[in-house]
Amino acid sequence: MPMTYRAVFHVDLDEAKPFNIALANVGNLIRAIPEKHYDLVMLFNGPAVTLLHSEQCAPFRDEIWRLQQSRVAFKVCRNALNNFNIDPDNLIEGCEIVPAGVVALIELQQDGYAYIKP
């Protein structure tokens, strides 16, 4: 049985450069995995949640949708959304809200996901 590549990409800054790097890392990983056996998560907390606001993410929208079509999960911290006064309805489509980003990171790592911080 082929290996399943499991990783969580942690995005916590509201800056375009690390966000672009994270998106590129995920896309490059998908292209490099033989037979496409993977379970990948991009987890957003802290100021990074603002990047997924439907207006803010316009420059990244095509790549986000491409990754979502490739089964990459986009998880967003509810605590951070509250702290930055962002209504979850104003996020780009396809985001999953998690109660606390740090808790999700711990749980994913305990479930065997590699932690990647672009």
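Everything discussed here concerns the structure shown above.
Residues numbered from 1 in each chain as written. Predicted model: local features only at pLDDT ≥ 70, side-chain atom pairs only at ≥ 80, totals over all residues. Heavy atoms only, no water.

**Student:** Pulling in residues and values, what's your account of the packing of helix α1 (residues 16-32) against helix α2 (residues 61-69)?
**Tutor:** Where α1 meets α2, the axes come as close as 11 Å, and the angle between the chain directions of the two elements is 35°. The interaxial crossing formed by α1 with α2 has left-handed handedness. In contact with Phe19, Leu23, Val26, Gly27 and Ile30 of α1, α2 contributes Glu63, Ile64 and Leu67. Across the contact of α1 with α2, the residue classes break down as six nonpolar, one polar and one charged. (Axes fitted to C-alpha atoms, helices over the stretch in contact; angles between N-to-C directions. Helix = DSSP H or I, 4+ residues; strand = E, 2+ residues; numbered from the N terminus. Left-handed = near helix turned anticlockwise from the far one by under 90°. Contact = heavy atoms within 4.5 Å. Nonpolar A, V, L, I, M, F, W, Y, C, P; charged D, E, K, R; others polar.)

**Student:** Please provide a residue-by-residue account of the packing of aromatic side chains, values included.
**Tutor:** Taken as a whole, this structure holds three aromatic pairs when the rule is applied. Aromatic side chains Phe19 and Phe44 sit 5.6 Å apart centroid to centroid with 85° between the ring planes, which places their arrangement in the edge-to-face category. Note that Phe19 is positioned in helix α1 and Phe44 in strand β2 (residues 38-44), a separation of 25 residues in sequence. Accessibility expressed as a relative area gives 0% for Phe19, which makes it buried. Ring pairs connect the aromatic residues Phe19, Phe44, Phe60 and Phe74, which therefore count as one cluster. A cation sits over an aromatic face here: Arg71 above Tyr38, 4.4 Å from the ring centre. (Phe/Tyr/Trp six-rings, centres within 6.5 Å; stacked < 30°, edge-to-face > 60°. Buried < 20%, exposed > 50% of the residue type's maximum accessible area, 1.4 Å probe, protein only. Lys NZ or Arg CZ within 6 Å of the ring centre and 35° of its normal.)

**Student:** An account of the sheet that holds strand β1 (residues 5-11) is requested, with residue identities and associated values reported.
**Tutor:** Across the sheet, which stays open at both edges, the five strands sit in the order β4-β3-β2-β1-β5 with parallel pairing between neighbours. The open sheet is flanked by β4 (95-98) and β5 (114-116), the only strands paired with a single partner. Mean inter-strand twist for the sheet, computed between neighbouring axes without regard to direction, equals 25°. Direction of pairing for β1 relative to β2: parallel, over a ladder of seven bridges. In the strand pairing of β2, Ala7 is matched with Leu40. Each of β1, β2 and β3 (73-77) is contacted by α1, which is oriented at about 175° to β2, the strand it contacts most. (Pairing = 2+ DSSP bridges.)

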